[in-house]
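So you can see what is in the structure, the chains are spelled out below.
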Amino acid sequence: MPISPRQLTASLLAADHIADRHLIAAFVDQAATQPAPNPFPETSVGTVSQVWRQRAVEFQSFAVEVAGLTCLLATLSDLSLDEPLMQEILRAGPHTVNVFHRGDGCRIVGAVLYGKPGVALPVLPILRAKASGSAPRSRGRVVPGQLELFTQTGT
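Definitions and cut-offs
- Residues numbered from 1 in each chain as written.
- Predicted model: local features only at pLDDT ≥ 70, side-chain atom pairs only at ≥ 80, totals over all residues.
- Heavy atoms only, no water.
- Helix = DSSP H or I, 4+ residues; strand = E, 2+ residues; numbered from the N terminus.
- Buried < 20%, exposed > 50% of the residue type's maximum accessible area, 1.4 Å probe, protein only.
- Contact = heavy atoms within 4.5 Å.
- Pairing = 2+ DSSP bridges.

### Focus on the environment of Arg107
Positionally, Arg107 belongs in the loop between β5 (95-101) and β6 (108-114). Judged by relative accessible area, which is 46%, Arg107 ranks as partly exposed. Beyond its immediate stretch of four places on either side in the chain, Arg107 contacts His101 and Arg102.

### Considerations on the pairing of β5
Among the seven residues that make up β5, seven are buried, leaving the element largely enclosed by the rest of the structure. Of the two faces of β5, the one holding His95, Val97, Val99 and His101 and the one holding Thr96, Asn98 and Phe100 are both buried throughout. Sheet topology note: the strand β4 (residues 84-92)/β5 ladder contains seven bridges and is antiparallel. Paired with Ala92 across the bridge in β5 is His95. With antiparallel pairing between neighbouring strands as the criterion, β4 and β5 make up a hairpin whose turn holds two residues, including Gly93 at a positive phi of roughly 55 degrees. Looking at chain direction, β5 and β6 are connected through six bridges and run antiparallel. By the bridge assignment, His101 is partnered in β6 with Ile108.

This is the structure we're talking about:
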């Protein structure tokens, strides 16, 4: 049974090993984002690793903007290749997110948000976890107009 977008959003916000989790969670949380056909909901670390390493090369070749891919590949490299995973796929317009978890929808292994070639990632209001125990990150130079994903405003 697929996990609800609400559960995925909460689980993504709690997955502090994913640098782009706030952007990905905001995408999942949008009303326009809906579950997509998912031919392989049950998969394995080895399969996910192989598929997404290939996609990383394709994305680079076709200038596809992506969020979360580096974190997914790093996390997968620390896991056993035969470990089972579940995949959730959601879409809105030209964007897709693939979320990988350990079967309960709570323990997120990784998530990748991407669009079609030449389409920028969506600019969304960034969601925050209700109880965040991490300190704000300090970023270096920020280009004016650049989306700042790690800025915390008003407490």
